[in-house]
Amino acid sequence: GIYDMSGNVWEWCRNCFSFYSVEGQNQNESDNCQRIRRGGSIKSQPSRCTVSARESSEPNQQFAVIGFRLAMDKY
């Protein structure tokens with residue numbers, strides 16, 4: 001299964017960042033946008049180490065506390 005790894009590294013998401021609204025969020029995927037990162041990192045406050053924690057970053061930013069999750073189907 002996929003395990004909760006919140007608080008390990010911020011997890012990059014493919015979607016562009018925008019603030020939530022009453023109508024919901026537009027799940028756009030543009031090349032020229034800030035991307036969502038979720039989950040906090042080892043350097044975050046404990047309250048930021050949750051799956052609901054989200055921030056934005058430029059897609060070309062590189063930090064030791066930003067990563068991504070690899071997942072594979074079992075055969």
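Fair warning: this is a prediction, and the values are worked out from it, not measured in the lab.

A. Up close: the pattern of salt bridges. Here the structure, examined in full by the defined rule, presents 2 salt bridges. Note that Glu55 is salt-bridged to Arg37, the shortest N-O span being 2.8 Å. You can see Glu55 sitting in strand β3 (residues 54–57) and its partner Arg37 sitting in strand β2 (residues 35–38), a full 18 residues away along the chain. Relative accessible area serves as the criterion here: at 26%, Glu55 is assigned to the partly exposed category. What makes Arg37 buried here is its relative accessible area of 12%. Of the charged contacts, one joins Arg48 and Glu55 as a salt bridge, the two residues approaching to 3.3 Å between their closest N and O atoms. We classify Arg48 as partly exposed; its relative accessible area is 30%. Within the structure, one salt-bridge network assembled from shared partners comprises Arg37, Arg48 and Glu55.

B. Seen up close, the sheet that holds β3. Pairing within the open sheet is mixed, and its 4 strands lie in the order β3-β2-β1-β4. Among the strands making up the open sheet, the edge pair consists of β3 and β4 (66–67). Pairing geometry for strand β1 (residues 10–16) and β2, over 3 bridges, is antiparallel. Across the sheet, the residue bridging to Cys16 is Arg35, located in β2.

C. Layout of the state of the cysteines. Throughout the structure, instances matching the rule amount to 1 disulfide. In this model Cys16 forms its disulfide with Cys33; the gap between the sulfur atoms is 2.0 Å. Measuring the twist about the S-S bond at about -75 degrees, one finds the Cys16-Cys33 disulfide to be left-handed. In this pair, Cys16 is assigned in strand β1 and Cys33 in the loop between β1 and β2, connecting sequence segments 17 residues apart. Residue classification places Cys16 among the buried residues on the basis of a relative accessible area of 3%.

D. Broad picture of the side chain of Ser57. Mapped onto the elements of the fold, Ser57 is located in strand β3. Of note is the side chain of Ser57, whose polar atom sits 3.1 Å from the side chain of Gln61. Discounting residues that sit within four places of it in the chain, Ser57 has contacts with Trp12, Gln34, Arg35, Arg37 and Ile66.

Cut-offs applied
- Residues numbered from 1 in each chain as written.
- Predicted model: local features only at pLDDT ≥ 70, side-chain atom pairs only at ≥ 80, totals over all residues.
- Heavy atoms only, no water.
- Salt bridge = Lys/Arg side-chain N within 4 Å of Asp/Glu carboxyl O.
- Helix = DSSP H or I, 4+ residues; strand = E, 2+ residues; numbered from the N terminus.
- Buried < 20%, exposed > 50% of the residue type's maximum accessible area, 1.4 Å probe, protein only.
- Pairing = 2+ DSSP bridges.
- Disulfide = S-S within 2.5 Å.
- Polar contact = N/O pair within 3.5 Å; in protein donor to acceptor, adjacent residues only side chain to side chain.
- Contact = heavy atoms within 4.5 Å.

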